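These are the residues of each chain, in order.
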Amino acid sequence: MTVEVPRGGRVLFIGDSITDAGRDRSGGDDLGTGYAMMAGAWFTARHPEHRATFLNRGVSGDRVRDLRARWESDCLALVPQVVSVLIGINDTWRRYSEDDPTSPADFARDYRHILESTRRMGARIILVEPFVIPLDDAKRAWREDLDPKVDVVRRLAAEFDATLVAVDKLFQAADVDERVWTNDGVHLTPFGHALLAQQWLRAVTPPA
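Below you will find a few notes about this structure. Throughout, a residue's number is its position along its own chain's written sequence, starting from 1. Whole-chain, interface and lining totals are the exception, using all residues; otherwise, since this is a predicted model, local features are given only for residues with pLDDT of at least 70 and side-chain atom pairs are given and counted only at 80 or more. Processing note: side-chain calculations cover all non-hydrogen atoms of the structure and skip hydrogens and water entirely.

**So, the environment of E144**
Quick reminder of the rule: In this description a helix means any DSSP run of H or I spanning at least four residues, a strand means any run of E spanning at least two, and both kinds are numbered starting from the N terminus. Think of it in three bands: residues with accessible area under 20% of the maximum for their type are buried, residues over 50% are exposed, and the middle band is partly exposed, with areas taken using a 1.4 Å probe on protein chains only.
Following the sequence through the fold, E144 ends up in helix α7 (residues 143-159). A relative accessible area of 58% places E144 in the exposed class. Placed 52 residues apart in sequence, E144 and T92 show a C-alpha to C-alpha distance of 9.2 Å.

**A short note on the packing of aromatic side chains**
Worth spelling out the cut-off: Any Phe, Tyr or Trp ring, taking Trp's six-membered ring, that has another such ring centre within 6.5 Å forms a pair; planes under 30 degrees apart are called stacked, those over 60 apart edge-to-face, and the others tilted. Cation placement over rings: the criterion is NZ of Lys or CZ of Arg within 6 Å of the ring centroid and within 35° of the ring normal.
The final tally for this structure, using the stated rule, is nine aromatic pairs. Aromatic side chains W93 and W142 sit 5.4 Å apart centroid to centroid with 50 degrees between the ring planes, which places their arrangement in the tilted category. Separated by 49 residues along the polypeptide, W93 in helix α4 (residues 89-98) and W142 in the loop between α6 (137-141) and α7 bring together distant segments of the chain. One aromatic cluster in this structure is built from F13, Y35, F43, F54 and W200. Above the plane of the ring of W142 lies K139, whose end atom (NZ or CZ) is 4.8 Å from the centre.

**Some details on the nonpolar core**
Rule in force here: Buried Ala, Val, Leu, Ile, Met, Phe, Trp, Tyr and Cys residues form a nonpolar core when they are joined through side-chain atoms within 4.5 Å. Two residues qualify as a contact provided that any one of their heavy atoms is within 4.5 Å of a heavy atom in the partner residue.
Grouped together as the largest cluster of nonpolar side chains are 40 residues, with contacts concentrated most on I18 and W200. Of all the secondary structure elements, the ones that give two or more residues to this core are β2 (10-15), α2 (35-46), β4 (82-86), β5 (124-128), α7, α8 (170-173) and α9 (190-201). Discounting residues that sit within four places of it in the chain, W200 has contacts with V11, F13, A39, F54, S84, I126, V128 and V165. Listed in part, the 25 residues of the second largest apolar core include I14, F107, Y111 and F160.

**Considerations on α9**
Structural remark: α-helix, 3.6 residues per turn; residues separated by three or four positions point the same way. Here is the rule: Take the number of residues in a helix, subtract one, and multiply by 1.5 Å to get its expected span.
Look at α9: 16 Å from first C-alpha to last across 12 residues, which is about the 16 Å you get at 1.5 Å a residue. Counting buried residues along α9, nine of its 12 residues qualify, which places the element largely inside the surrounding structure. For α9, every residue scored as buried is listed here: G192, H193, A194, L195, L196, A197, Q199, W200 and L201.

**Regarding a nonpolar patch on the surface**
Stated precisely, the cut-off is as follows: The patches reported here contain residues having more than 30% relative accessible area and no salt bridge. Joining distances are 9 Å for like charges and 5 Å for nonpolar side chains (Val, Leu, Ile, Met, Phe, Trp, Tyr). Each accessible area is a Shrake-Rupley result for a 1.4 Å probe, and residues are judged covered by the shown protein chains and nothing else. Just to be clear on terms, a salt bridge is a Lys or Arg side-chain nitrogen sitting within 4 Å of an Asp or Glu carboxyl oxygen.
Where nonpolar side chains cluster on the molecular surface, the patch consists of V176, V180 and F191 and spans about 260 Å² of accessible area. Mapped onto the secondary structure, V176 falls in the loop between α8 and α9.

**Thoughts on the environment of T205**
For T205, the location among the structural elements is in strand β7 (residues 204-205). Taking relative accessible area as the criterion, T205 reaches 29% and is therefore assigned partly exposed. Between the C-alpha atom of T205 and that of F131, which follows or precedes it by 74 residues, the distance is 24 Å. Filtering out sequence-adjacent residues up to four positions away, T205 remains in contact with T2, V3, E4 and V5.

**Thoughts on α7**
Rules: Directions pointing from the helix axis toward each C-beta atom define the arc.
Helix length check: α7, at 17 residues, gives a terminal C-alpha distance of 24 Å against a target of 24 Å (1.5 Å per residue), a fit within 8%. Of all the residues in α7, the buried ones are D145, L146, K149, V150, V152, V153, L156 and A157. Taken around the axis of α7, the buried residues stretch over an arc of 155 degrees, which confines them to a single face. Along α7, exposed side chains directed more than 90 degrees from the buried face belong to E144, R155 and A158. Turning to α7, the residues buried within the fold contact α4, α5 (104-121), β5 and β6 (163-165).

**Things to note about the pairing of β4**
Note the following rule: Here, strands pair whenever DSSP counts at least two bridges between them.
Where burial is concerned, most of β4 is hidden: five out of the five residues are buried. Across the two faces of β4 the burial is the same, with V82, S84 and L86 and V83 and V85 all buried. As defined by bridge partners, β2 adjoins β4 across five bridges and the pair is classed as parallel. From the neighbouring strand, I14 faces β4, where its bridge partner is V85. Two strands pair when backbone bridges link them, and β4 and β5 are joined in this way by five bridges, in the parallel orientation. Pairing of V83 across the sheet is with I125, part of β5.

Rendered as structure tokens:
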């Protein structure tokens, strides 16, 4: 199932540092240097007459609870027609870096809250799976915590009739040295962002 981007529509990318990708916050229209910028640029290059607007409200370090806290100002107030969410890796990371875990139940509760308000607004929803690229044994151990959260995202995509962008196994399936895609298992190189952007673009379509 693909999401139709309406002509002249507004598409919002929102999430953590992977979406943020160094965006300039002094204005409201900078897309950063990552997959959000690449996906918006490729979509516009293919459909210049479409005149869709792309916005980025990624914030480095965010967990789903942080996304919930700013959802009104950074999503609903912008009245997007399409909302693309990528969140979850920091909910796992903080368990290992700060002994501050997020349970799957809490993750699902806060994620469901933002999706319910988004559905009431009438926006179409794209959910991007959180992921970790296993560069070492420490990152492989994160699967214990991350896998239940990936399952939550998949269930919520079905529950809310959202389009799921499956990326959790995307990088491994590419069958190259993982360091092509990332230097730390989480943050993407330009090549990793490009691969993610291509996968994201498969989830959207302009109207006929």
